[in-house]
Amino acid sequence: MAGSGTLSAFRLPPLPTIREIIKLFRLQAAKQLSQNFLLDLRLTDKIVKKAGNLTDAYVYEVGPGPGGITRSILNANVAELLVVEKDSRFIPGLQMLSDAAPGKLRIVHGDVLTFKVERAFPESLKRQWEDDPPNVHIIGNLPFNVSTPLIVKWLENVSCRDGPFIYGRTQMMLTFQKEVAERLTANTGSKQRSRLSIMAQYLCNVQHIFTIPGQAFVPKPEVDVGVVHFTPLVQPRIEQPFKLVEKVVQNAFQFRRKYCYRGLGMLFPEVERVESTGKLLELADVDPTLRPTQLSVSHFKSLCDVYRKMCDEDPLLFAYNFREELKQNKSKNQEKEDDKEKHRL
Ligand code: SAM
């Protein structure tokens, strides 16, 4: 149990190296699954150390693979480590680790995109949202094509306080393609500022902790890797539903090099676009000639608050999608053209 105190520190007994495990179980990285392994345990120790004090913690590791980070977590004196791995080839190697750490490692052969961690740990770990974060941590080095959709899903869970955040403000330490790590943490006005920067920063304290050079992985990925730490905020910087914030942010960044009114205008049907965009920007007190990258989280807060009011006044507004309107206009124009053609014949 978290907080029960541990008399002596746990250390894994001597084990074959990760390289030997890979050989022993024939765990060649599957390119199509973007598998890149960390074999250097000093590096995996560093990732785990930077995740915070894990004594007596309940840790959820996503994508353990051959188990480098898994070993470092087990050596951090945790109460329990739950790992979810999709590729069955890794299960026997993980089982070996489980035998070496009796009662500490729980292995699930499954998919992190659907696994329900909210049912996995004891109820007693739950903290009030306003309290210090619970002794529950998420750690993972996932393929890039999984980590980005997963963080978007988890950010929505933060906003709803469900999923892994049923325990409170669960902290996460995750790896991303360096460029994505930079986007997640980019400040107002920086070149990397993007949709992800706002979505992450309005809900969490986000820190790019360090960068791992590509050559530290086997096989070496094409890019360097950023290790990012997230702590959900007690008070989100924007207090509107996730989907509404997502819609405003997505539209604002539609044309990232243009003035922000261009993208924000796409929130409104063509017939009222100019007028409604003007109203939105005026009531939110946002300069229409700022570029999307120059908008701060507090600019987005005002925009979301005003857009929310406009949606409350016009119940059809939130469902409006400019792409659908474009499509409809195109097909109407096509019909007109077809009619003209018929009359010519
Ligand atoms: N954590 C290991 C390390 O650092 O050496 C492996 C990293 S490798 C980049 C990603 C791991 O995540 C692989 O073991 C892969 O099979 C696993 N994985 C990929 N997609 C997954 C998913 N949807 N659910 C669970 N595991 C997944």
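Just so we're clear, the structure is a prediction, and the values are computed from it rather than from any experiment.

Asker: Lay out the overall build of the chain in plain terms, naming residues and giving numbers.
Answerer: Broken down by element type, the chain carries 12 helices and 9 strands. Taken along its principal axes, the extent of the C-alpha atoms in the chain is 80 × 55 × 35 Å. A separation threshold of at least 6 residues defines the contact pool for the chain, and within that pool the share at least 24 residues apart is 71%. When the accessible area of the chain is evaluated, it comes to approximately 17700 Å², of which 50% is carbon and sulfur surface. Averaging the locations of the 48 positively and 40 negatively charged side chains of the chain gives two centres separated by 6 Å.

Asker: Please provide a residue-by-residue account of the pattern of salt bridges, values included.
Answerer: Counting across every chain of the model gives 13 salt bridges. For Arg-42, the salt bridge is made with Asp-40, and the minimal N-O distance between the two is 3.3 Å. Given the relative accessible area of 30%, Asp-40 is considered partly exposed. Here Lys-279 makes a salt bridge to Glu-313, at a shortest N to O gap of 3.7 Å. Of this pair, Lys-279 sits in helix H10 (residues 273-284) while Glu-313 sits in helix H11 (residues 297-313); the two residues are 34 residues apart in sequence, bridging distant segments of the chain. One network of salt bridges, with partners in common, ties together Glu-156, Lys-243 and Glu-246.

Asker: Please give an account of the packing of H10 against H11 that cites residues and values.
Answerer: One can describe the packing of H10 onto H11 by two numbers: an axis separation of 8 Å at closest approach and a directional angle of 130 degrees. In terms of orientation, H10 lies oblique with respect to H11. Where H10 crosses over H11, the handedness of that crossing is right-handed. In this structure, H10 contributes Ser-276, Lys-279, Leu-280, Leu-281, Leu-283 and Ala-284 to the contact, and H11 contributes Ser-302, Leu-303, Val-306, Tyr-307, Met-310 and Glu-313. Across the contact of H10 with H11, the residue classes tally to 8 nonpolar, 2 polar and 2 charged.

Asker: Quick one: what's the story with the environment of Glu-182, residue by residue and with numbers?
Answerer: With respect to the helices, strands and loops of the structure, Glu-182 is situated in helix H6 (residues 178-185). A relative accessible area of 23% means that Glu-182 is categorised as partly exposed. If we skip the residues at most four places from it in the chain, Glu-182 touches Gln-192 and His-208.

Asker: Residue-level account of the UniProt feature "domain: Ribosomal RNA adenine methylase transferase N-terminal" (unreviewed entry) in the chain, with values.
Answerer: Sequence positions flagged by UniProt for "domain: Ribosomal RNA adenine methylase transferase N-terminal" (unreviewed entry) are, in local numbering, residues 43-234. When the span residues 43-234 is considered, its composition is 30% helix and 24% strand, and the gap between its end C-alpha atoms is 31 Å.

Analysis parameters
- Residues numbered from 1 in each chain as written.
- Predicted model: local features only at pLDDT ≥ 70, side-chain atom pairs only at ≥ 80, totals over all residues.
- Heavy atoms only, no water.
- Helix = DSSP H or I, 4+ residues; strand = E, 2+ residues; numbered from the N terminus.
- Contact = heavy atoms within 4.5 Å.
- Areas by Shrake-Rupley, 256 points an atom, 1.4 Å probe, with all protein chains shown as cover.
- Lys, Arg positive; Asp, Glu negative; His and termini not counted.
- Charge placed at Lys NZ, Arg CZ, Asp CG, Glu CD.
- Salt bridge = Lys/Arg side-chain N within 4 Å of Asp/Glu carboxyl O.
- Buried < 20%, exposed > 50% of the residue type's maximum accessible area, 1.4 Å probe, protein only.
- Axes fitted to C-alpha atoms, helices over the stretch in contact; angles between N-to-C directions.
- Parallel < 35°, antiparallel > 145°, perpendicular 65-115°, else oblique.
- Left-handed = near helix turned anticlockwise from the far one by under 90°.
- Nonpolar A, V, L, I, M, F, W, Y, C, P; charged D, E, K, R; others polar.
- UniProt positions renumbered as here; feature names shortened; annotations may be inferred.

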